[in-house]
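Notes for the structure review
Residues per chain, in single letters:
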Amino acid sequence: MADEPRTGKPLVRWRSLASLLSGPFAAYGLVIGLTMACAALVYLEVDRPPPLVEEAAAAALAPAPSQPVNSLKLPSRRPQSLDFRMLTLAERGDMIETTPDGLRLPKISSDGWMPWIAYARRYDPDGPAARVGLLMINVGADEALMMRMINELPGEVSLAFMPGTPDLPKWMKRAHAHNHETYLMMPVEDPEGVGERGIRPISAKADSGENVQRLREAMARGEGYVGFVMPDAGPVSQSEEIARSLMEEIAGRGLGLVEVNPGPAPTVMHRLATELGVGYARTSTILDYKLARNGLEGNLDRLAEWTGENWPGRPPRHDFGVLQPDDAAIDAIVAWRKRLANQHAVSLVPIIGHFECRAACMARLRAQPDQLRP
C-alpha cells in the first residue's frame, strides 16, 4: 500500500529556527525592520501640523510673533535749508504772471504774499542788535568768479545779478542753494559805461511806458529775487516822472528796492517807496573805494567798528556796504568774516535785515499776516 498516492492537504516541509535566521527570510526581515525604525525616527523628529480643533484654536488666540520687516533703503536726502521759506511749486507759481507776449513776471500771490518777503533770507533776530551787511553788485560777467562767490562767500552776503547774465535762473537757484539772498540790478543807462548785451537800458530819453516795458523785460530774466538795486544817482532816479512809473511797477509786483546813493539828502526813490509802500534800503557805503586807507580790508573793519559802537541811550546802528566782484574781494570778505566771528558786538545779516517798511508798507504786509513772522 505504500505505492498508493496520498489524498487531502499537501504537507509543508518543516524548517528549524536556525534556518529561518539565515537566507532570504532574514534579509526580508532586516529590510522591514530598518524601514520601520527609520519611520519611527522621522515621526518623532519632524514637526507635524497641529490638530484641527484644540491646537488650531489655541494658536489663533496666541499673539503672533513679531517678525522684522525688510524694506528697501531709501536714498539719503540732503536736509533742506531753513534760511529761506519752504515754498511749494504751486506757491511759487502763484507769484508768477505770464504776459500775452510770453514774459514771466513776479507778482503778488492770490493770498497776499509779496516776493520781496517770500524770497528774503531769514536771519537770527536774537543776535546782536547792531547789524552789518554786504551786497555784491554787478554779478554775472565771469562764470568762474560767480562760482567762487556762491561757493565761498558766507551765506549772509547778498548777490545782485545783472539781468543779462547767461543762464540767470540757474545761477540764482544755485545762489539760493548756498543761502545767498538775490537781487537784480536795474538796467539803467550809463553814458560812461558799457551796456549789457541783449538788455535795453532804462533811459531818461525814453518815455515812461517804454521804460516800464524795459523794466519788465529785465524782470523776466530771473525768478526768486527780492527786488531791484538802483546802482547810482543818475538822471533816471532823479526824475520824478521816470522814477514814479518805475516805482509803481515795482510796488504793484510786490518787489523791494535797494538804492546806492552817496548823497546825504532824501531821494526821489525813497520818497516814492514810502508813499507806495515799497520795502526799501539805502546805502552810501562803497567798500571797494580805491583811495580808502588800507583798502577793502580797512573799510570792512571800519564798517564793523562804526556799527558796533555802543553809547548809553543811543539805539543800535546798522549799515551795509556794496562792492564789485573780484577774487581779491572774495578773499578779503572770507578773512573778515573769520575776524567778525570772534566778537559779539555786531551781527552779519543779509540785506533784508537793513530794509525799512513804513506805514504804507506795513499796511500791505498785514494783508497776509504770515509775512510779519520772522
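The structure displayed is predicted, hence computed values, not measured ones.

All right, on to the overall build of the protein then. For the protein, the helix and strand inventory stands at 14 helices and 11 strands. Out of the 374 residues belonging to the protein, those deemed buried represent 40%. When the accessible surface of the protein is totalled, it reaches about 22,500 Å², and 58% of it is carbon and sulfur.

Quick look at helix α7 (residues 168-177) now. Every buried residue of α7 is accounted for by Leu168, Trp171, Met172, Ala175 and His176. Down the axis of α7, the buried side of the element spans an arc of 140 degrees, and every buried residue falls inside it. Downstream of α7 by one or two residues, asparagine 179 has phi in the positive range, about 70 degrees.

Attention now moves to the pattern of salt bridges. Per the stated rule, a full pass over the model turns up 20 salt bridges. Linking aspartate 327 and arginine 148 is a salt bridge whose minimum nitrogen-to-oxygen distance equals 3.0 Å. On the criterion of sequence distance, the pair formed by aspartate 327 in helix α13 (residues 327-340) and arginine 148 in helix α6 (residues 143-152) is long-range, its members being 179 residues apart. Of the charged contacts, one joins glutamate 356 and arginine 358 as a salt bridge, the two residues approaching to 3.1 Å between their closest N and O atoms. The class for arginine 358 is partly exposed, based on a relative accessible area of 44%. Several salt bridges converge on common partners, so that one network encompasses Glu240, Arg244, Glu248, Arg271 and Glu275.

Take the packing of aromatic side chains next. The relation between two aromatic rings is expressed through the spacing of the ring centres and the mutual angle of the planes. According to the stated counting rule, one finds 2 aromatic pairs in the structure shown. Consider the rings of tryptophan 116 and phenylalanine 355, whose centres lie 5.6 Å apart with planes at 15 degrees: the pair is stacked. Placement of the pair is tryptophan 116 in helix α5 (residues 115-118) and phenylalanine 355 in the loop between β11 (346-348) and α14 (359-365), with a sequence separation of 239 residues. The class of phenylalanine 355 is buried, set by a relative accessible area of 15%. Considering the side-chain rings of tyrosine 225 and phenylalanine 228, the 6.2 Å spacing of their centres and the 70 degrees angle between planes classify their relative orientation as edge-to-face. When sorted by exposure, tyrosine 225 lands in the same class as phenylalanine 228, which is buried. Above the face of the tryptophan 171 ring, arginine 174 is positioned so that its terminal group lies 5.2 Å from the ring centre. Positioned over the ring face of tryptophan 311 is arginine 314, at 4.7 Å from the centre of the ring.

Before going further, it helps to examine the side chain of glutamate 259. Relative to the helices and strands, glutamate 259 is located in strand β7 (residues 256-260). For the buried glutamate 259, which has no salt bridge, the nearest side chain bearing the opposite charge is arginine 282, at an N-O separation of 5.1 Å. What glutamate 259 contacts, discounting residues up to four positions off in sequence, is Met230, Thr267, Met269, His270, Tyr280, Ala281, Arg282 and Thr283.

Moving on, we come to the nonpolar core. Ranked by size, the top nonpolar core spans 58 residues in total, and within it Leu134, Phe161, Met186, Phe228, Ile250 and Leu257 carry the most contacts. In terms of nonpolar packing, the next biggest core, distinct from the first, is built from 27 residues, Leu135, Met185, Ile352 and Leu365 among them.

Our next topic: the confidence of the model for the protein. On average, residues of the protein score 83 in pLDDT, and 76% of them reach the 70 mark or higher. Confidence over residues 1-14 falls short of pLDDT 50; this stretch has 1 contact with residues more than four positions distant or in other chains. Across residues 68-80 the pLDDT falls below 50, and counting only partners more than four positions away or on other chains, this stretch makes 2 contacts in the model.

This next bit is on the pairing of strand β10 (residues 318-323). Judged by how many residues are buried, β10 sits mostly within the fold: 5 of 6 residues are covered. Direction of pairing for strand β9 (residues 285-286) relative to β10: parallel, over a ladder of 2 bridges. Along β10, the bridge assignment pairs threonine 285 with glycine 321.

For the rest of this paragraph, the subject is the state of the cysteines. Counted under the stated rule, the structure contains 1 disulfide. Residue pairing for cysteine 357: its cysteine sulfur links by disulfide to cysteine 361, the two sulfurs lying 1.9 Å apart. When the S-S torsion is -100 degrees, as for the bridge of cysteine 357 with cysteine 361, the disulfide is left-handed. Accessibility expressed as a relative area gives 23% for cysteine 357, which makes it partly exposed.

Let us now look at unusual backbone geometry. Trans peptide bonds make up most of the peptide bonds, and negative phi angles are found at most residues other than glycine. Positioned with a positive phi, asparagine 138 is a non-glycine residue whose angle comes to about 55 degrees. Note that asparagine 138 resides in strand β3 (residues 130-139).

Direction of pairing for strand β5 (residues 182-185) relative to strand β6 (residues 227-230): parallel, over a ladder of 2 bridges. Looking at β6, one finds that methionine 185 is bridged to valine 229. Sheet topology note: the β6/β7 ladder contains 4 bridges and is parallel. When the sheet's bridge partners are listed, phenylalanine 228 is paired in β7 with leucine 257.

The rules behind each value
- Residues numbered from 1 in each chain as written.
- Predicted model: local features only at pLDDT ≥ 70, side-chain atom pairs only at ≥ 80, totals over all residues.
- Heavy atoms only, no water.
- Helix = DSSP H or I, 4+ residues; strand = E, 2+ residues; numbered from the N terminus.
- Buried < 20%, exposed > 50% of the residue type's maximum accessible area, 1.4 Å probe, protein only.
- Areas by Shrake-Rupley, 256 points an atom, 1.4 Å probe, with all protein chains shown as cover.
- Arc of directions from axis to C-beta.
- Salt bridge = Lys/Arg side-chain N within 4 Å of Asp/Glu carboxyl O.
- Phe/Tyr/Trp six-rings, centres within 6.5 Å; stacked < 30°, edge-to-face > 60°.
- Lys NZ or Arg CZ within 6 Å of the ring centre and 35° of its normal.
- Lys, Arg positive; Asp, Glu negative; His and termini not counted.
- Contact = heavy atoms within 4.5 Å.
- Core = buried A, V, L, I, M, F, W, Y, C linked by side-chain atoms within 4.5 Å.
- pLDDT = per-residue confidence, 0-100.
- Pairing = 2+ DSSP bridges.
- Disulfide = S-S within 2.5 Å.

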